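Report on the structure
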Amino acid sequence: MSESEDNEKPSFWQSPVTRGVLNGIVFVGLLMAMQVQGLFQAPRPLTEESVVQHVIAGCIFGFIMYLVELWKLRRRTNAAKAARDTVRAKLEDEDDRPTGSGKSD
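Notes on the structure in this doc start here. (Residues numbered from 1 in each chain as written. Predicted model: local features only at pLDDT ≥ 70, side-chain atom pairs only at ≥ 80, totals over all residues. Heavy atoms only, no water.)

Here we look at the environment of Met65
Going by this rule: Each helix is a run of DSSP H or I of at least 4 residues and each strand a run of E of at least 2, with the numbering of both proceeding from the N terminus. Classification of residues uses two cut-offs on accessible area relative to the type maximum, computed with a 1.4 Å probe and protein chains only: under 20% is buried, over 50% is exposed, and between them is partly exposed. We call two residues contacting when some pair of their heavy atoms lies within 4.5 Å.
Take Met65: it is sitting in helix α3 (residues 48-96). Judged by its relative accessible area of 21%, Met65 falls in the partly exposed class. With 42 residues separating them in the primary sequence, Met65 and Asn23 have C-alpha atoms 7.0 Å apart. Among all residues touching Met65, those that are not within four sequence positions of it are Gly20 and Asn23.

Brief notes about helix α2 (residues 16-37)
Threshold: Working rule for helices: expected span equals 1.5 Å times residues minus one.
Between its terminal C-alpha atoms α2 stretches 31 Å, which fits the 32 Å expected from 22 residues at 1.5 Å a residue. By the burial criterion, the buried members of α2 are Pro16, Thr18, Gly20, Gly24, Val28, Leu31, Met32 and Gln35. Residues of α2 that are buried in the fold lie against α3. Backbone geometry just after α2 places Gly38 at a positive phi near 70°.

So, the packing of aromatic side chains
Operational definition: Here is the rule: rings of Phe, Tyr and Trp (six-membered ring for Trp) pair when centre to centre is within 6.5 Å. Planes less than 30 degrees apart are stacked, more than 60 are edge-to-face, and the remainder are tilted.
Overall, the coordinates contain three aromatic pairs when judged by the stated rule. Ring plane angle 75° and centroid distance 5.1 Å describe the contact between Phe12 and Trp13, whose orientation is recorded as edge-to-face. Assigned by exposure class, Phe12 and Trp13 land together as exposed. Relative to Phe61, the ring of Phe27 has its centre 4.4 Å away and its plane inclined at 20°; by these criteria the two rings are stacked. Of this pair, Phe27 sits in helix α2 while Phe61 sits in helix α3, placing them 34 residues apart in sequence. Assessed through its relative accessible area of 26%, Phe27 is described here as partly exposed.

With respect to α3
With 49 residues, α3 should reach 72 Å at 1.5 Å per residue; the first-to-last C-alpha distance of 72 Å fits that figure. The set of residues buried in α3 consists of Ser50, His54, Gly58, Gly62 and Glu69. Of the surrounding secondary structure, the elements contacted by the buried residues of α3 are α2.

Comments concerning the pattern of salt bridges
Definition in use: Salt bridge, as used here, is a side-chain nitrogen of Lys or Arg placed within 4 Å of a carboxyl oxygen of Asp or Glu.
Summed over all chains, the structure comprises four salt bridges. The salt bridge involving Lys72 is made with Glu69; its shortest N-O contact spans 3.5 Å. Highlighted residues: Lys72 and Glu69, both in helix α3, separated by three residues, approximately one helical turn. For Arg88, the salt bridge goes to Asp85, with nearest N and O atoms at 3.8 Å. On the criterion of helical spacing, the pair formed by Arg88 and Asp85 is a turn pair, its members being three residues apart in helix α3.

A short note on a negative patch on the surface
The following threshold applies: Exposure above 30% relative accessible area and no salt bridge define the residues that can form patches, which grow by joining like charges within 9 Å and nonpolar side chains of Val, Leu, Ile, Met, Phe, Trp and Tyr within 5 Å. Shrake-Rupley sampling with a 1.4 Å probe provides the accessible areas, and residues are treated as covered by the protein chains on show and by no other component. Note that His is not counted, nor are the chain ends; the positive residues are Lys and Arg, and the negative ones are Asp and Glu. Note that the charge is assigned to NZ on lysines, CZ on arginines, CG on aspartates and CD on glutamates.
Judged by side-chain charge, Glu92, Asp93, Glu94, Asp95 and Asp96 come together as a negatively charged surface patch. Mapped onto the elements, Glu94 comes out in helix α3. Residue classification places Glu94 among the partly exposed residues on the basis of a relative accessible area of 47%.

This is the structure we're talking about:
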C-alpha cells in the first residue's frame, strides 16, 4: 500500500470542521424556524436577543458536533491502521513458516 493511500484526507464536505460549522448553522435555522412557527410553544417573533441566543446555541452545538466528527475520524483511522498491522503480521507469520512437507528420505 502506498503512503498516499495511508494518509488519505477527507474531502472538504467530510472534514470535521465543515461538518461542525454546517451542523451549527442548520441548528440555528431550526431554532429560529421553531420559534417563528410555534412548534413547541406559542409562535413568537424573532427579537435581537432571541437571535443572539440561537446563534450562541448553534456555536456550542457546532463545536460539539466538530468534536464528535473528529473523534469518529480518529477512530476510523486507528481501526484501519490496526487492521493493516494485523494483516501484515499474519503475512509475516506465513512467510516465516517452513513450506516443506516435513518428510525426509
